[in-house]
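# Chains, contacts and geometry: an overview
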Amino acid sequence: MASIVFKRSVHILAVTALAFGLAACGKSDDNKTAGQKLDSAISQTEQAAQNAGNKIEDGAAKAGDATSNALDKAGDKIAGAADTAGQKVEAGAASVGAALDDAGITAGVKTELIKAPEISALQIDVDTKGGVVTLNGTVPSESVKTQAGDIAKAAKGVTSVTNNLTVKAS
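Residues numbered from 1 in each chain as written. Predicted model: local features only at pLDDT ≥ 70, side-chain atom pairs only at ≥ 80, totals over all residues. Heavy atoms only, no water.

## Quick look at the overall build of the chain
To be explicit about the condition: Secondary structure elements follow DSSP: runs of H or I no shorter than four residues count as helices, runs of E no shorter than two count as strands, and numbering proceeds from the N terminus. Accessibility here uses a 1.4 Å probe with only protein chains present; expressed as a share of the type maximum, an area under 20% marks a residue as buried, one over 50% as exposed, and anything in between as partly exposed. Contacts between residues were defined by any pair of non-hydrogen atoms, one from each residue, lying within 4.5 Å.
Looking only at helices and strands, the chain has 3 helices and 3 strands in total. Ordered by position from N to C terminus, the α and β elements of the chain give α-α-β-β-α-β. Burial statistics for the chain: of 170 residues in total, 19% are counted as buried. Here the contacts in the chain between residues at least 6 apart in sequence split such that 60% fall between residues at least 24 apart.

Here it is as structure tokens:
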């Protein structure tokens, strides 16, 4: 981009110098010598070049400011996206952690039910969601239903138990 700006500046200066030179030649000011006329044209060309340089500097400063603002906005958007992504990862990790906790609770309850000799653990379905254990299935007596509920309540991480076991004499 600097190369394009430089080339344009050179072209502007050349055209300006030529215009001033031609303008100086066309005047009928006989009181000035050719050298004075040339000095005057050079002075006017230098002034025009200075003005063009000032305009180029102003344009470059404005372009720099616009670029800086665009980069700041892009940086803010990237930071916002990173925060959102981080929050989603944390939420996903918490969800996975909760599912693993529930699976661990279910496994623990099922293991303890298998250890109890009077309970047929194969007849009991254990589901856990958010620490709440739900027991479904059939048992031979009310005392076995109560015992299964107590085993589930005693498991680590259990917040409550929904005992849906039905008593069915075998």
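## A look at the pattern of salt bridges
When charged atoms on two side chains of opposite charge get close, those side chains can pair. The condition that has to hold: One speaks of a salt bridge when a side-chain nitrogen belonging to Lys or Arg is within 4 Å of a carboxyl oxygen belonging to Asp or Glu.
This model, assessed by the stated rule, comprises 1 salt bridge. Taking the shortest distance from any N to any O, the salt bridge between Lys115 and Glu112 comes out at 3.3 Å. Taken together, the residues Lys115 and Glu112, both in helix α2 (residues 34-115) and 3 residues apart, mark about one turn of the helix. Lys115 gets classed as exposed once you look at its relative accessible area, which sits at 58%.

## Description of the nonpolar core
Put simply, the rule is: As used in this record, nonpolar core signifies buried Ala, Val, Leu, Ile, Met, Phe, Trp, Tyr and Cys residues forming a set joined through side-chain atoms within 4.5 Å.
Ranked by size, the top nonpolar core spans 19 residues in total, and within it Val109, Leu113, Ile119, Ile124, Val133 and Leu135 carry the most contacts. Those elements that provide at least two residues to this core are α2, β1 (124-129), β2 (132-139), α3 (142-154) and β3 (160-167). Those residues in contact with Val133 that lie beyond four places of it in its chain are Ile105, Val109, Val126, Asp127, Thr128, Ala152, Val158, Ser160, Val161 and Thr162.

## Some points on the sheet that holds β2
Note the threshold: Note on pairing: two strands pair once DSSP finds at least 2 bridges between them. Angles shown run from 0 to 180 degrees and are taken between the N-to-C directions of axes, each axis being a line fitted to C-alpha atoms and, for helices, limited to the stretch in contact.
Here 3 strands make up an open sheet; going across it, the order is β1-β2-β3 and the pairing mixed. Looking along the sheet, the strands with just one partner apiece sit at the ends: β1 and β3. The sheet shows a mean angle of 10° between the axes of neighbouring strands, taken without regard to direction. Note: β2 against β3, 8 bridges, orientation parallel. Following the sheet pairing, Leu135 is matched in β3 by Asn163. Contacts from α3 reach β1, β2 and β3 within the one sheet, and its direction differs from that of β3 by about 160°.

## Points about the pairing of β2
Here β1 pairs with β2 via 6 bridges, running antiparallel. The residue bridging Val126 from the neighbouring strand is Leu135, located in β2. Linking two consecutive strands that pair antiparallel, namely β1 and β2, is a turn of 2 residues; a positive phi of about 60° is found at Gly130 within it.

## Section: α3
Selection rule: Expected span of a helix, by definition, is 1.5 Å for each gap between consecutive residues, and there is one gap fewer than residues. Arc definition: directions from the helix axis to the C-beta atoms.
Under the 1.5 Å per step criterion, the end-to-end length of α3 is 18 Å for 13 residues, consistent within 8% with the ideal 18 Å. Within the sequence span of α3, burial applies to Val144, Lys145, Ala148, Gly149, Ile151 and Ala152. Taken end-on, α3 shows its buried residues confined to a sector of 160°, consistent with a single buried face. Summarising the geometry of α3, the exposed residues directed more than 90 degrees from the buried face are Ser143, Lys153 and Ala154.

## Some details on the side chain of Lys145
Short version of the rule: Charge convention: Lys and Arg are scored as positive, Asp and Glu as negative, and His as well as the terminal groups of each chain are ignored.
Inspection of the secondary structure puts Lys145 in helix α3. Salt bridges are absent for the buried Lys145, whose nearest opposite-charge side chain, Glu142, sits at 4.4 Å. Sequence-distant contacts of Lys145, defined by excluding residues within four places in its chain, comprise Val139, Asn163, Leu165 and Val167.

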